[in-house]
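Letter by letter, the chains look like this.
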Amino acid sequence: MSAATTLEVPAHAGHRSRPFAWVQQSLTLAWRNIIRIRQNPEALADVTFQPIIFLVLFLFVFGGAIAQGAGWRDYLPFLLPGLLVQTVVFSTMGTGVALNDDFAKGVFDRFRSLPIARIAPLVGAVLGDAVRYSLSIVILMGTGFALGFRFGNGVGYGLLALVIVLAFALSMCWIWVWLGLSLKTAQGVQGIAFLVMFPLTFGSNVFVKTDTLPGFLQAFVKVNPVKYLVDTMRGLMLGGPIQKPLLITLAWMIGLVAVFAPLAIRAYRRRT
């Protein structure tokens, strides 16, 4: 029997009149998404094996050329913060794909029969996926440390960088929540996500410095939110300018939530 059908909600969680009862209900449903991974562990392939494969490929295939013959060890500190951003940004689209799939299978119809807040399943889905984002961060950083990466600006700033990239992922996932609730199929969500993700990540300073790019591409990079998140990661993890890229990154995070969270909630209410 699936986790959705065996989910038990405590009796007191069903009292919608209780202030903030939806918080407990959302956490319960987030836990449902986490334990569902045990029944479908291959769903974690994009946040477990993919980060390792990307790091090894880009580091050893392009490291010598991009580092101008200095070798992959000199390229690793530059690459890892950027690849961390790319990995987490790509992971966010899984939220929308999973939501679309749950609606198609009627999971949310079952939730409607439970005495819980209407918004709890949506918030629970987002919170549950935060575990996936965190797992991708841990695996990529662990691989980087095994290859010799070290925080050049202190452990405290390094950990702060990981918190910021996780917060950015939680902000950006609302785009895919909205699309997941608006489009008809999970394949459609995934297709549009790739069309957006590739320009955002590869058309940025993830792999090379901005000033090495052609002029027209530099103009795009300078308005790309991924560029400023990468600059923030490198500043915190390695040392360098932090304030300006961090403020711009925070502004993007606030803007993403302010625009797409209401759109996602409206689409969710329309479907439920």
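Residues numbered from 1 in each chain as written. Predicted model: local features only at pLDDT ≥ 70, side-chain atom pairs only at ≥ 80, totals over all residues. Heavy atoms only, no water.

A. Structural view of the overall build of the protein chain. Broken down by element type, the protein chain carries 12 helices and zero strands. Going from N to C terminus, the protein chain has its helices and strands arranged as α-α-α-α-α-α-α-α-α-α-α-α. By the burial criterion, 47% of the 272 residues in the protein chain qualify as buried. Sequence separation of at least 24 residues holds for 79% of the intrachain contacts in the protein chain that already meet a minimum separation of 6. (Helix = DSSP H or I, 4+ residues; strand = E, 2+ residues; numbered from the N terminus. Buried < 20%, exposed > 50% of the residue type's maximum accessible area, 1.4 Å probe, protein only. Contact = heavy atoms within 4.5 Å.)

B. Spotlight on the nonpolar core. Met141, Met172 and Trp174 are the most contacted members of the largest nonpolar core, which has 65 residues in total. Per-element tally for this core: the top contributor is helix 8 (residues 155-182), with 14 residues. When near neighbours in sequence (up to four residues on either side) are disregarded, Met141 contacts Leu80, Leu84, Phe149, Phe151, Leu162 and Met237. (Core = buried A, V, L, I, M, F, W, Y, C linked by side-chain atoms within 4.5 Å.)

C. Up close: the packing of aromatic side chains. Scanning the model with the defined rule gives 15 aromatic pairs in all. With centroids separated by 4.9 Å and ring planes inclined at 50 degrees, the aromatic side chains of Phe60 and Trp72 adopt a geometry described as tilted. Separated by 12 residues along the polypeptide, Phe60 in helix 3 (residues 45-66) and Trp72 in helix 4 (residues 72-91) bring together distant segments of the chain. Overall, Trp72 belongs to the partly exposed group, its relative accessible area being 21%. Judged by centre distance (5.7 Å) and plane angle (45 degrees), the ring pair of Trp178 and Phe260 falls under tilted. (Phe/Tyr/Trp six-rings, centres within 6.5 Å; stacked < 30°, edge-to-face > 60°.)

D. Region of interest: helix 12 (residues 243-271). In a regular helix each residue adds 1.5 Å, so 29 residues correspond to 42 Å; helix 12 covers 41 Å between its end C-alpha atoms and thus fits that length. Taken as a whole, helix 12 carries its principal kink of about 25 degrees at Phe260; the proline Pro262 stands between one and four residues after it. Taken together, the buried positions of helix 12 are Pro245, Thr249, Met253, Leu256, Phe260, Ala261, Ala264, Ala267 and Tyr268. The inward-facing, buried residues of helix 12 contact helix 5 (93-104), helix 6 (107-112), helix 7 (120-147), helix 8 and helix 11 (225-238). (Expected span 1.5 Å × (residues − 1). Bend = angle between axes of the 7 residues up to and from the residue.)

E. Fine view of the confidence of the model for the protein chain. Overall, the prediction assigns the protein chain a mean pLDDT of 84, with 89% of residues at 70 or greater. The lowest-confidence element of the protein chain is helix 1 (residues 3-6), averaging 42 in pLDDT; the highest-confidence one is helix 11, averaging 95. Here residues 1-17 is modelled with pLDDT under 50, and outside its nearest four sequence neighbours on either side it reaches 33 contacts, counting other chains as well. (pLDDT = per-residue confidence, 0-100.)

F. The side chain of Thr201, seen in detail. Within the secondary structure layout, Thr201 lies in helix 9 (residues 186-202). Accessibility expressed as a relative area gives 0% for Thr201, which makes it buried. The contacts of Thr201, once residues within four sequence positions are left out, are Gln86, Val89, Phe90 and Val206.

G. Structural detail: the environment of Ala30. With respect to the helices, strands and loops of the structure, Ala30 is situated in helix 2 (residues 21-35). When the C-alpha atoms of Ala30 and Leu127 are compared, they prove to be 5.7 Å apart, with 97 residues separating the residues in sequence. Other than its neighbours up to four places away in sequence, Ala30 contacts Gly124, Leu127 and Gly128.

H. Examining the packing of helix 8 against helix 12 more closely. Closest axis-to-axis distance for the helix 8/helix 12 pair is 8 Å, and the angle between their directions is 30 degrees. Here helix 12 runs roughly parallel to helix 8, going by the angle between their axes. By crossing handedness, the relation of helix 8 to helix 12 is classed as left-handed. Split by residue class, the contact of helix 8 with helix 12 holds 20 nonpolar, four polar and one charged. (Axes fitted to C-alpha atoms, helices over the stretch in contact; angles between N-to-C directions. Parallel < 35°, antiparallel > 145°, perpendicular 65-115°, else oblique. Left-handed = near helix turned anticlockwise from the far one by under 90°. Nonpolar A, V, L, I, M, F, W, Y, C, P; charged D, E, K, R; others polar.)

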